[in-house]
Amino acid sequence: MPTYAIGDIQGCYLELRALLDRLAFDPLTDRLWFVGDLVNRGPDSLDVLRFVHALGEGAVVVLGNHDLHLLALAAGNTKHAKKSTLDAVLKAPDRDELLHWLRHRPLLHHDPERNLILIHAGLPPQWDLADARARAGELEAALQGDDYCDFLLAMYGDQPDRWSPELTGMERLRFITNCLTRLRFCAADGTLALKEKGDIGRQAAGLIPWFQVPDRKTRHARIIFGHWSTLGYREEDNVWAIDSGCLWGGALTAIQLDNMPWMPIQLNCKGYLAPGQD
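Residues numbered from 1 in each chain as written. Predicted model: local features only at pLDDT ≥ 70, side-chain atom pairs only at ≥ 80, totals over all residues. Heavy atoms only, no water.

How would you summarise the sheet that holds strand β5 (residues 116–118) if you had to cite specific residues and measurements?
With mixed pairing, 5 strands are arranged side by side in an open sheet as β4-β5-β9-β11-β10. Bordering the open sheet on either side are β4 (109–111) and β10 (234–236), each of which pairs with just one other strand. When the angles between neighbouring strand axes are averaged without regard to direction, this sheet yields 15°. One ladder, built from 3 bridges, connects strand β9 (residues 222–225) with strand β11 (residues 239–241); its direction is parallel. When the bridges of β11 are listed, I223 appears paired with V239. (Pairing = 2+ DSSP bridges. Helix = DSSP H or I, 4+ residues; strand = E, 2+ residues; numbered from the N terminus. Axes fitted to C-alpha atoms, helices over the stretch in contact; angles between N-to-C directions.)

This is the structure we're talking about:
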């Protein structure tokens, strides 16, 4: 029963189906892990959601920042509405079913047999695996609870930017959200640098990719993540970055998780946006 991890799709439905054809994907036997950002910016977010939702137990999806953005829009938070291509989802007759399903996806998936973590963006260096799972669980509880709209209406913001166990309430949830769905660079002490979005080597002085922070407590776990399209496919020190920028004219990447060493399987994409058009 093959299992494949797949990078950020962002509404690129035709490319997803073409990649699955290349994999000879069988929905009756194969399993797909998605690193999040199923939707937004690309042309076919509704088709992507319907397809992945229909896979049922055959799909594992962790939420990304664009997935949360869709949920925030549906809850009435229009702070970043101009950066959306999500009207078709919001007006769909099956909107409520799809959004309910999306809201109940995890923020972190852990496979103990593979010693493998699936997340969208990153983890701060202070968290070990138990911490990361517990913090993701807090955010999942907020999204799945009766008051989930309260969280989604207050979700956006870059503060606080450093972890403390003493954080409470919305500040705690926002920090967790920013790590799991937005993080790329941070300082050596774990202070988040959420404005930095480029490739490694072009960041401001003193900033480090989150996975290169010395003594990161999750360094012994294998981690697959997306979110960082300027990295492309990258394998380094027990982490695999698999967002290779399909939306931007890069590639859509899959890796089969059943046999090591993992090798990327990539579909070249025509792209729908150029850098700077987001």
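Got a sec to walk through the nonpolar core? Specific residues and values, please.
Of all hydrophobic cores here, the largest spans 82 residues; its most connected members are F34, L38 and W210. With near-sequence residues (within four places) excluded, L38 lies in contact with I9, Q10, G11, V48, L49, V52, V61, D67 and W101. (Core = buried A, V, L, I, M, F, W, Y, C linked by side-chain atoms within 4.5 Å. Buried < 20%, exposed > 50% of the residue type's maximum accessible area, 1.4 Å probe, protein only. Contact = heavy atoms within 4.5 Å.)

Pulling in residues and values, what's your account of helix α3 (residues 65–74)?
The periodicity of an α-helix, 3.6 residues per turn, causes residues three or four positions apart to be oriented the same way. Within α3, 8 of the 10 residues are buried, leaving the element largely enclosed by the surrounding structure. For α3, the set of buried residues is H66, D67, L68, H69, L70, L71, A72 and L73. Looking at the buried residues of α3, the elements they touch are α2 (45–54), α4 (87–90), α5 (95–103), α6 (129–144), α7 (148–153) and α8 (169–182). Backbone geometry just downstream of α3 places G76 in the positive-phi region, at approximately 105°.

Which residues make up the packing of aromatic side chains, and what values go with them?
Tallying each qualifying case throughout the model produces 10 aromatic pairs. Taking the centre distance of 5.6 Å and the plane angle of 90° together, the rings of W210 and F211 count as edge-to-face. By relative accessible area, which is 0% here, W210 ends up buried. Judged by its relative accessible area of 5%, F211 falls in the buried class. Relative to F225, the ring of W210 lies with its centre 5.2 Å away and its plane at 70°, an arrangement referred to as edge-to-face. With W210 in the loop between β8 (208–209) and β9 and F225 in strand β9, this pair connects stretches of sequence that are 15 residues apart. As far as the burial class goes, W210 and F225 line up, both buried. Connected via pairs of aromatic rings, a cluster forms that spans F185, W210, F211, F225 and W228. (Phe/Tyr/Trp six-rings, centres within 6.5 Å; stacked < 30°, edge-to-face > 60°.)

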